[in-house]
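One-letter residues, chain by chain:
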Amino acid sequence: AQSVTQLDSQVPVFEEAPVELRCNYSSSVSVYLFWYVQYPNQGLQLLLKYLSGSTLVKGINGFEAEFNKSQTSFHLRKPSVHISDTAEYFCAVSRPNSGYALNFGKGTSLLVTP
Amino acid sequence: DTAVSQTPKYLVTQMGNDKSIKCEQNLGHDTMYWYKQDSKKFLKIMFSYNNKELIINETVPNRFSPKSPDKAHLNLHINSLELGDSAVYFCASSQDRRKRSSYNEQFFGPGTRLTVL
């Protein structure tokens, strides 16, 4: 079974500072990995995904993530955050043997302050 | 145009009632999902349908029954509502899961906030 651990429940950061949101997964088979963002009172939007190939994945809004198979990690990074990046971020892994449904981590709340 | 839509957006009801949440997608996708987000924002898969066929049914109480009249719709019926059912329910859709040559992104609806009093 696949599971996802987001190590930080809350990450406060100042505007224009860099940020890293951590995600580790456990799986006995190859997986697909995703980061979703949820702005307050809204649905989920895909930031980026890793399916195969290059381990550095670039997404929308200046975010990127690096797949590290040996460390089973898929950390999300942004070199300079904006106030508008304040949101909940979810790491997820898909389940290829069961309809590709997503297993989500518990989320990391990113709070960007001036 | 909205890709995945849900109605209603908010639903407030009393314990013991029966209610439905509707989901429609206009993306031509074959697979649809229901996820539940609890008060701690934890998201969990409930059901998945592919071409109107149930393919995932997590450990969800029998009071929850998905119904897919066609590929574009996946409705969620909930009987005898309980306080613990209060949550935000998200519908999602993706292209045919059997096209394994590439993963097909899931598109999420805006969510339905269910409050059981």
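Everything discussed here concerns the structure shown above.
Residues numbered from 1 in each chain as written. Chains lettered and ligands numbered in written order. Predicted model: local features only at pLDDT ≥ 70, side-chain atom pairs only at ≥ 80, totals over all residues. Heavy atoms only, no water.

K.L.:
For this particular structure, what's the right way to read the overall build of chain A?
P.N.:
The secondary structure content of chain A amounts to 0 helices and 12 strands. When the helices and strands of chain A are listed from N to C terminus, the series reads β-β-β-β-β-β-β-β-β-β-β-β. For chain A, the spread of C-alpha atoms along the principal axes amounts to about 45 × 30 × 20 Å. Counting contacts in chain A only where the partners sit at least 6 residues apart, residues at least 24 apart contribute 55% of the total. In the form shown here, chain A has an accessible surface area of approximately 5300 Å², with 51% of it arising from carbon and sulfur atoms. Positive and negative charge centroids in chain A, built from 8 and 8 side chains respectively, lie 12 Å apart. (Helix = DSSP H or I, 4+ residues; strand = E, 2+ residues; numbered from the N terminus. Contact = heavy atoms within 4.5 Å. Areas by Shrake-Rupley, 256 points an atom, 1.4 Å probe, with all protein chains shown as cover. Lys, Arg positive; Asp, Glu negative; His and termini not counted. Charge placed at Lys NZ, Arg CZ, Asp CG, Glu CD.)

K.L.:
Could you clarify how one ought to interpret the overall build of chain B in this entry?
P.N.:
Regarding its fold elements, chain B presents 0 helices and 11 strands. Element order for chain B, N to C, with α for helix and β for strand: β-β-β-β-β-β-β-β-β-β-β. Computed over C-alpha atoms, the radius of gyration of chain B comes to 14 Å, within 12% of the 13 Å expected from 2.2 N^0.38 for 117 residues, which places it in the range of a compact globule. Along the three orthogonal principal directions, the C-alpha set of chain B runs to about 45 × 30 × 30 Å. (Rg over C-alpha atoms; globule rule 2.2 N^0.38 Å.)

K.L.:
For this particular structure, what's the right way to read the nonpolar core?
P.N.:
Residues and elements named next belong to chain A. Within the largest apolar cluster, 28 residues are counted, with the highest numbers of intra-cluster contacts made by Trp-35, Leu-48, Leu-76 and Tyr-89. Of all elements in the fold, only β2 (10-14), β3 (19-21), β5 (33-38), β6 (44-50), β8 (64-68), β9 (73-78), β10 (87-94) and β12 (108-113) reach the threshold of two or more residues within this core. Examining the composition of this core, we find that 4 residues originate from one element, β10, more than from any other. (Core = buried A, V, L, I, M, F, W, Y, C linked by side-chain atoms within 4.5 Å. Buried < 20%, exposed > 50% of the residue type's maximum accessible area, 1.4 Å probe, protein only.)

K.L.:
What am I meant to see in the interface of chain A and chain B here?
P.N.:
Frequently, the measure chosen for interface size is the accessible area removed from exposure when the parts meet. With 24 residues of chain A in contact, the opposing surface of chain B contributes 22 residues. Interface area for chain A against chain B, summed over the two sides, is near 1900 Å², with a carbon-plus-sulfur share of 57%. If you look at where chain A meets chain B, you find 1 salt bridge. Notably, a salt bridge pairs Lys-41 of chain B with Glu-88 of chain A, separated by 3.8 Å at the nearest N-O pair. Summed over the shared surface of chain A and chain B, the number is 3 residue pairs in polar contact (both at pLDDT 80 or more). The residue inventory of the side of chain A that touches chain B, partitioned by class, reads 12 nonpolar, 8 polar and 4 charged. (Buried area = accessible area lost by both parts, 1.4 Å probe. Salt bridge = Lys/Arg side-chain N within 4 Å of Asp/Glu carboxyl O. Polar contact = N/O pair within 3.5 Å; in protein donor to acceptor, adjacent residues only side chain to side chain. Nonpolar A, V, L, I, M, F, W, Y, C, P; charged D, E, K, R; others polar.)

K.L.:
Help me understand the environment of Lys-44 of chain B, please; the structure alone is not making it clear to me.
P.N.:
Residue and element names in this part refer to chain B. One can find Lys-44 in strand β5 (residues 43-50). Sequence separation between Lys-44 and Phe-90 is 46 residues, and the spatial gap between their C-alpha atoms is 9.7 Å. Excluding residues within four positions of it along the chain, Lys-44 makes contact with Trp-34, Tyr-35, Lys-36 and Thr-59.

K.L.:
What am I meant to see in the layout of surface pockets here?
P.N.:
Summary: where empty space remains is shown by rolling a probe the size of a single water molecule over the atoms. The calculated volume of the largest pocket comes to roughly 410 Å³. Forming the walls of the largest pocket are 25 residues, and the residues nearest its centre are Gln-38 and Asn-41 of chain A together with Gln-37, Val-88 and Arg-113 of chain B. Mapped onto the lining of the largest pocket, the elements with two or more residues apiece are β10 and β12 of chain A together with β9 (87-94) and β11 (112-116) of chain B. Across the lining of the largest pocket, the residue classes break down as 10 nonpolar, 10 polar and 5 charged. (1 Å grid on protein atoms, 1.4 Å probe; cavity = no way out; pocket = protein on both sides within 12 Å on 5 of 7 lines; lining within 4 Å. Points joined across faces, edges and corners; volume = space filled by probe spheres on them.)

K.L.:
Is there a simple way to think about the pattern of salt bridges in this case?
P.N.:
Two side chains of opposite charge can pair, provided their charged atoms sit close to one another. Across all of its chains, the model carries 9 salt bridges over all chains by this definition. Across the salt bridge formed by Asp-30 of chain B and Lys-71 of chain B, the nearest N and O atoms sit 3.1 Å from each other. Note that Asp-30 of chain B is positioned in the loop between β3 (19-25) and β4 (31-37) and Lys-71 of chain B in the loop between β7 (64-70) and β8 (73-78), a separation of 41 residues in sequence. By relative accessible area, Lys-71 of chain B is classed as partly exposed at 37%. A network of salt bridges, in which partner residues are shared, links Glu-20, Glu-66 and Arg-77 of chain A.

K.L.:
Looking at this model, I keep getting lost on unusual backbone geometry. Mind explaining?
P.N.:
Only a minority of non-glycine residues have a phi that is not negative, and only a minority of peptide bonds are not trans. Geometrically, the link from Thr-7 of chain B to Pro-8 of chain B is a cis peptide bond, its omega value of -5 degrees lying close to zero. As for its position among the elements, Pro-8 of chain B is in the loop between β1 (4-7) and β2 (10-13). The phi angle at Asn-61 of chain A is positive, at roughly 60 degrees, despite the residue not being glycine. Within the secondary structure, Asn-61 of chain A sits in the loop between β7 (56-58) and β8.

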